[in-house]
Amino acid sequence: MQDKYSGFAELRLAEPHGAWRLRHEDRGSRVLVIAPHAGLIEHDTGEIALAIAGDDLSYYLFEGRKHDHNRDLHLASARFDEPTAVEMCTRARLVVAIHGKGVHDEIAYVGGGRRSAVDDLCTALRAAGFEARTETDPQLDGRDPRHPCNRGTGGGGLQLALGSSLRHRLGGQEIRRAEFAAAVRSVVLSL
C-alpha cells in the first residue's frame, strides 16, 4: 500500500493535533530500540520495543493516536525522517527497529544491515520458543542504508518485522513478551 505522505514534514502539516505522539528517552546507551509505526499504526510494536529497551536502553516510539485511518501516519522506513528519530539514530551505536509485517502469523522476520547478527538473533529467538526467519524480500529486509536501523554509528542495525498474530500474542502476554525481549537483548547487548 502506498504511503499517504512523502515524509514527516508533509505529515506534520496535514494531520491534526493529537493524531500522533512521540515517546522517547535517551538513556545514554549504545543501543537504541525504535518503533516508528507504534500505537495504532502497527499494533503492539511500541509495547514490544519498550520491553526490549527495559530500564537501560534508549528508545523511540512514533505512535498513531487517531480514532481511525492510522495507516495514513505510516512512513516507509527509508523515508522515516522525523527529526528526533533521525538525531537519536545517528547517535546510537546500534539501532534495533521493531515493525509489524502484514501477515497473520506468529513469525519474527529478522533483517537489517548487520547481516552477521541476523542469524544469531534468529537462533536466540528460536531457543526461546519463537519462530524466526531471515527476511528475504529485498523490499522488506531492512538493508536500505536510509532505514532507521542502519543509521547508527556502528553501521548496520537489526530489524524485527513481526507477524500480526505474534504481535497480538506478545502484546497480551506479559511473560511471553518478557521472554521475547530477553532473547533479543541477549544478542544486541553482545554486539
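The structure we're discussing is the one just above.
Residues numbered from 1 in each chain as written. Predicted model: local features only at pLDDT ≥ 70, side-chain atom pairs only at ≥ 80, totals over all residues. Heavy atoms only, no water.

Structural notes on the overall build of the protein chain
Then step 1. When helices and strands are tallied, the protein chain shows six helices and seven strands.
Then step 2. Reading the helices (α) and strands (β) of the protein chain from amino to carboxyl end gives α-β-β-α-β-α-β-β-α-β-β-α-α.
Then step 3. For 191 residues, the compact-globule estimate of 2.2 N^0.38 gives 16 Å, and the C-alpha radius of gyration of the protein chain, at 15 Å, lies within 12% of that figure.
Then step 4. Seen through its C-alpha atoms, the protein chain measures out along the principal axes to roughly 45 × 35 × 35 Å.
Then step 5. For the protein chain, the residues scored as buried account for 51% of the 191 residues in total.
Then step 6. In the protein chain, the proportion of contacts linking residues at least 24 apart, taken out of those at least 6 apart, comes to 79%.
Then step 7. Carbon and sulfur atoms form 49% of the exposed surface of the protein chain, whose accessible area is close to 8,800 Å².
Then step 8. Seen as two clouds, the 25 positive and the 27 negative side-chain charges of the protein chain have centres 2 Å apart. (Helix = DSSP H or I, 4+ residues; strand = E, 2+ residues; numbered from the N terminus. Rg over C-alpha atoms; globule rule 2.2 N^0.38 Å. Buried < 20%, exposed > 50% of the residue type's maximum accessible area, 1.4 Å probe, protein only. Contact = heavy atoms within 4.5 Å. Areas by Shrake-Rupley, 256 points an atom, 1.4 Å probe, with all protein chains shown as cover. Lys, Arg positive; Asp, Glu negative; His and termini not counted. Charge placed at Lys NZ, Arg CZ, Asp CG, Glu CD.)

Brief notes about helix α6 (residues 174-188)
Then step 1. For α6, with 15 residues, the first-to-last C-alpha span of 21 Å sits near the 21 Å given by 1.5 Å per residue.
Then step 2. Among all positions in α6, only R177, F180, A181, A183, V184, R185, V187 and V188 are buried. (Expected span 1.5 Å × (residues − 1).)

Focus on the packing of helix α2 (residues 45-53) against α6
Then step 1. Interhelical geometry of α2 versus α6 gives an angle of 55° and a closest axis separation of 8 Å. Overall, the two elements α2 and α6 adopt an arrangement that is oblique. In the packing of α2 onto α6, the handedness of the crossing is right-handed. Here α2 contributes E47, I48, A51, I52 and A53 to the contact with α6, which in turn contributes R177, F180, A181, V184 and R185.
Then step 2. Broken down by class, the residue content of the contact of α2 with α6 amounts to seven nonpolar, no polar and three charged. (Axes fitted to C-alpha atoms, helices over the stretch in contact; angles between N-to-C directions. Parallel < 35°, antiparallel > 145°, perpendicular 65-115°, else oblique. Left-handed = near helix turned anticlockwise from the far one by under 90°. Nonpolar A, V, L, I, M, F, W, Y, C, P; charged D, E, K, R; others polar.)

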